[in-house]
Each structure stands twice: as C-alpha cells, then as structure tokens.
Amino acid sequence: MTLNGWDRYDPGRVGAVGERAVVVGGSLAGLCAARVLADGFDEVVVLERDEFPDGAVGREGAPQTGHPHILLEAGRTTLEDLFPGFSEELAAAGGLVVDAATDMTYYDQGGPLADGPERLPMYCASRPLIESVVRRKVSSIPNVALRGGRRWTEFLVADDGNAVSGVAYDDVDGAEATLDADLVVDAAGRTSRTPAWLGANGYRAPPEEAVGVDVTYATIRVERPPADRRVLGVPPSPPRTRGGAAVPVEGDRWEVIMQGIHGDEAPTDRDGFVAFAESLPLDALGEIVTDQAWVSDQIDRYPFPSSLRRRYERLDRFPDGLLVTGDAVASFNPIYGQGMSVAALDALALHHALAAGRLDGLAPRFFDRVADVVDDVWAVSVGADFKFSQTTGPKPRGTDLFNRYVDRLLRRAQTDGVLRNAFFRVFRLEEPPTSLLRPRILWRVFRPDQ
C-alpha cells in the first residue's frame, strides 16, 4: 500500500486507549509511533540507548546517519500530517525544496531521463536535520517524554504469560529500572531482539525473508554553490555493479555517495573515491567530487549485506501489549532511500489500527496493515535487486517480467517526461507499482517509434 491507497491521518479518530505506552527506540520510526500513540494514551515514553542530541547531530547508535537519506514524498506528506508545519520548519532550518521532475538528473538504462511535465517537489536535507525537526515536534507534545541514555533489557510479562506489561531497562546511571505499560512498541531497528525474545518465551519467531545484495556505500560532503540545487543519481544496473548520487543539503553542501553491490567495494580513500566516481556514466558526479572542496574529515562507509523482512503478520499467536515497527519489521537496500518514508507510513498504519478497535486484537490488525505498506516497497526494491543474477533469496512472483517492462519504460522515459513522472511517483511511494500498467502508460511504453 502506498500513500494514495490510505486514508490520511486524523487525530480525532482515536479516543482514549490506555494510560501509558512505551516506545523502545528513538529513531524516526519510534518518534512517529510516539506521535500517533499520544492521541490515545495519557503518557507516552520513548526510551533510547543514545542520549538525544541537541540540534542536527547524528546518533552513535545509527551509523548510517552520515549517509544521504531521501525523504520520499509519501514520507514527507505523512510527516506533515503528523507534525503540521514540518516541511516549513525543515526548509527554515536549511533544507532545500527542489523539483524532482527537472532538478534531478537520473541516469538509467543507458541515459538520463527526460524532464517531467509536472512539478514533483522533493525536500532535501541531512538525516540529522530531518530527525532534529521531528524530535523537536515530538518534544513539544505535552504527554510525550523522550528519555535518552536508557538501554532496553527485557519485556515485562503479565501474570498470565499472554501479554507484555512493560519494559525493564538500564537507567542513565546503569541502575536497573522498570516501567509498566499498556502497550510497548519495539522500534529498535534491524537489530531488534523481539524475535529472540518471542522464541525464548513460548512463542514462534516470525518467518524471515532475506535477500542478499552485499552492498557497501561510502559518503563524503563537499561544498555546493548556493544556487546549484542539482540532485544526481545513477543506480547500479547490470552488468555495472556500482552507482552513486549527490544530494544537496543544508549548509551549502552536497552529500555524495558511492555504492557498490555484490562485492564491488565502495572506496575508503580519496583517490579511490574519485576514481570510483569518474568510472560512473554520469560525468557530473565525477566533476562534483573533483571540482568542489571536500568538507569531510573522513569517508563514511557502511555495509549492508541483505534486505530483511520479518513476517509478523503470518504468526497465529502473538502477545498482547506488544508491537514492532520500522526497520525491526523490514529493512531495505538503502540504495532506494525508502527507510524513513516507510517508518512514517508504519505510524500511519498504527493510527488506523488503533482507530479501528483500540487495544483489542491490535497486533494482528496492525501487522496486516504494515504488511500492506511493505508489500509494494519490497516489490520495488527487492525486484530491482534481482536484476543481478548474484542476488540471493526468495524472488517475488513476476519479478523478471516486470523488470523487463520497467527497463523498457525507463528507456522510453529518456525522451518521454510523462513516463519519467509516472516512474518517479512509484519511486516516491505515492502510487503502487501497478500504476505503471495503466493503459495510458502501457501505450506510451509500447507505441511505435516516432
């Protein structure tokens, strides 16, 4: 399910649900969940292992923070609904608004796509800036408390053994502490320990799907002329196992990322980074890296072995009082920039699940909705990864045929801006992949050459 398939957020739909909810993890997924929970609980407490930073500063517990993050339109719209004024505050703090239909050069299938006929606003900012704006919004909610420096250790279990009743954690001084709750939400990310906890407490761990991509990526920051708002992107495409991107962010800088897949290692030294950039078929990337002054003290590097999906919706038994969200449910190849937007859509799913029945039967209702969110995103990202024969894991049905169709669409989009915009609306999670099969799009893809 993508943005246009959901009803929008409406805080008036959720009545009184409970006294206290606890969110484990203070990333974007945890912060968005806290916002939604604040509509129905007297108190919401967010426990985060790191201290919450002041301002736009990366968290040590999120090593990917130093790399470019794309705020797709589905995510931005949802964040705006959850936090009115979010977009304006992001821009006021230095974020840029560009037109993805004309300001973005996107190279695929042998050439750059044509400019699109309709404006596609795109907000560009570093992840620390985006998180800081959201964190400030959450902090202003009277019944939400952000508590950093707390390390989750265990879920508390009700006397009957069928429900989670709170959490145990290490406090800022290392002392053990507990917190009772009517609902606990695990937003601890890909390393979530809920599957292991379920297995150790008489439940079945969720089935997992892992799609091996062996991605590494490396990022630098370079100076950017204030008037230059270009976004550049060239994804890996067989047989080329490397790609790159440049995203304009606050402070008159570009964040420039190089990506290698299936063993093509992203560089960790300056000469290697320049050579990698110059090997890509989009010359502008190499020119930015060589012509602009570097402001990075080091090259940030991050490995990503596989996309991972935990199928909580397939469990026939799950404890009351517990939910799992964000990367703890599904984490995607970061090349496609979907993580933050999916986190926001997961919160929207939580909102609708609460509105539909409060705490009664909440877990299966929520996980079914999250599965709807993940299905389309998984199909797009994992499907594209299977263009490479080296990709391992379960392949979604129809992937090869759809990939061939999308490749043809992208080749036509090099001279047809309507197709560019149709593709980007899917990429931005506004429309489902099936929208590319609508008759007017099919005709433009298969019409005879002019």
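Provided above is the structure to which this section pertains.
Being a predicted model, the structure only gives us computed values, none of them experimental.

A. Representation of the pairing of strand E10 (residues 176–180) in the model. Here E10 shows a clear split, with Ala-177 and Leu-179 buried on one side and none of Glu-176, Thr-178 and Asp-180 buried on the other. Relative to E10, strand E9 (residues 164–170) runs antiparallel, the two sharing five bridges. Bridging from a neighbouring strand, Tyr-169 pairs with Ala-177 of E10. From the end of E9 to the start of E10, which pair antiparallel, there are five residues, and Gly-174 there has a positive phi angle of about 85°.

B. Layout of the sheet that holds strand E18 (residues 330–331). Taken together, the eight strands give an open sheet; going across it, the order is E5-E4-E13-E14-E15-E12-E16-E18, and neighbouring strands pair in mixed fashion. The sheet is open, and its two edges are formed by strand E5 (111–112) and E18, each paired on a single side.

C. Local environment of the sheet that holds strand E2 (residues 41–47). An order of E7-E2-E1-E11-E17 is seen for the five strands of this open sheet, with the pairing classed as parallel. What marks the edges here is a single partner per strand, and that holds for strand E7 (144–147) and strand E17 (322–324). On average, each strand axis in the sheet is inclined to that of its neighbour by 15°, with strand direction left out of account. Sheet topology note: the strand E1 (residues 18–24)/strand E11 (residues 183–186) ladder contains four bridges and is parallel. What sits directly across from Ala-21, in E11, is Leu-183. Strands E11 and E17 of the sheet are contacted by helix H9 (residues 362–385), whose axis makes an angle of about 10° with E17.

D. Fine view of the pattern of salt bridges. On inspection of all chains with the given rule, the structure shows 31 salt bridges. For the salt bridge of Arg-127 with Glu-131, the shortest nitrogen-to-oxygen distance reads 3.0 Å. Linking Arg-127 with Glu-131, this pair stays in helix H4 (residues 127–139), spanning four residues, or about one helical turn. The same class applies to Arg-127 as to Glu-131, namely buried. Notably, a salt bridge pairs Arg-444 with Asp-416, separated by 2.8 Å at the nearest N-O pair. With Arg-444 in helix H12 (residues 439–446) and Asp-416 in the loop between helix H10 (399–413) and helix H11 (417–427), this residue pair connects regions lying 28 residues apart in the sequence. A relative accessible area of 5% means that Asp-416 is categorised as buried. By sharing partners, the salt bridges in this structure join Glu-73, Arg-76, Glu-118, Arg-425, Arg-428 and Glu-430 into a single network.

E. Structural detail: the environment of Gly-417. With respect to the helices and strands, the residue Gly-417 is situated in helix H11. For the pair Gly-417 and Glu-118, spaced 299 residues apart in the sequence, the C-alpha separation amounts to 8.7 Å. Beyond its immediate chain neighbours, meaning those up to four positions away, Gly-417 contacts Ala-114, Asp-115, Gly-116 and Pro-117.

F. Region of interest: the side chain of Ser-126. Note on placement: Ser-126 falls in the loop between strand E6 (121–124) and H4. For Ser-126, a relative accessible area of 8% gives the class buried. Those residues in contact with Ser-126 that lie beyond four places of it in its chain are Val-249, Glu-250 and Glu-255.

G. A look at the packing of aromatic side chains. Counting across every chain of the model gives 17 aromatic pairs. Taking 6.1 Å as the distance between ring centres and 50° as the angle between the ring planes, the aromatic pair formed by Tyr-106 and Phe-423 counts as tilted. Residue Tyr-106 is found in strand E4 (residues 104–108), and its partner Phe-423 is found in helix H11; the two are separated by 317 residues along the sequence. Exposure class is identical for Tyr-106 and Phe-423. Each is buried. Aromatic pair Phe-402 and Tyr-405: ring centres 6.2 Å apart, planes at 40°, arrangement tilted. Here Phe-402 pairs with Tyr-405, and both are found in helix H10, just three residues apart, close to one helical turn. Under the relative-accessibility criterion, Tyr-405 is labelled buried at 9%. Through a chain of ring-to-ring contacts, the aromatic side chains of Tyr-106, Phe-423, Phe-424 and Phe-427 assemble into a single cluster. Lying across the ring of Tyr-203, Arg-317 places its NZ or CZ 4.1 Å from the centre.

H. A look at the nonpolar core. In terms of nonpolar packing, the biggest core is built from 118 residues, with Leu-37, Phe-86, Leu-90, Val-167, Val-184, Phe-318 and Leu-409 touching the most fellow members. Not counting the four nearest positions on each side in its chain, Leu-90 is found in contact with Leu-71, Gly-95, Tyr-123, Ala-125, Leu-129, Ile-130 and Val-133. In terms of nonpolar packing, the next biggest core, distinct from the first, is built from 23 residues, Ile-220, Val-256, Val-274 and Trp-294 among them.

Conventions we followed
Residues numbered from 1 in each chain as written. Predicted model: local features only at pLDDT ≥ 70, side-chain atom pairs only at ≥ 80, totals over all residues. Heavy atoms only, no water. Buried < 20%, exposed > 50% of the residue type's maximum accessible area, 1.4 Å probe, protein only. Helix = DSSP H or I, 4+ residues; strand = E, 2+ residues; numbered from the N terminus. Pairing = 2+ DSSP bridges. Axes fitted to C-alpha atoms, helices over the stretch in contact; angles between N-to-C directions. Contact = heavy atoms within 4.5 Å. Salt bridge = Lys/Arg side-chain N within 4 Å of Asp/Glu carboxyl O. Phe/Tyr/Trp six-rings, centres within 6.5 Å; stacked < 30°, edge-to-face > 60°. Lys NZ or Arg CZ within 6 Å of the ring centre and 35° of its normal. Core = buried A, V, L, I, M, F, W, Y, C linked by side-chain atoms within 4.5 Å.

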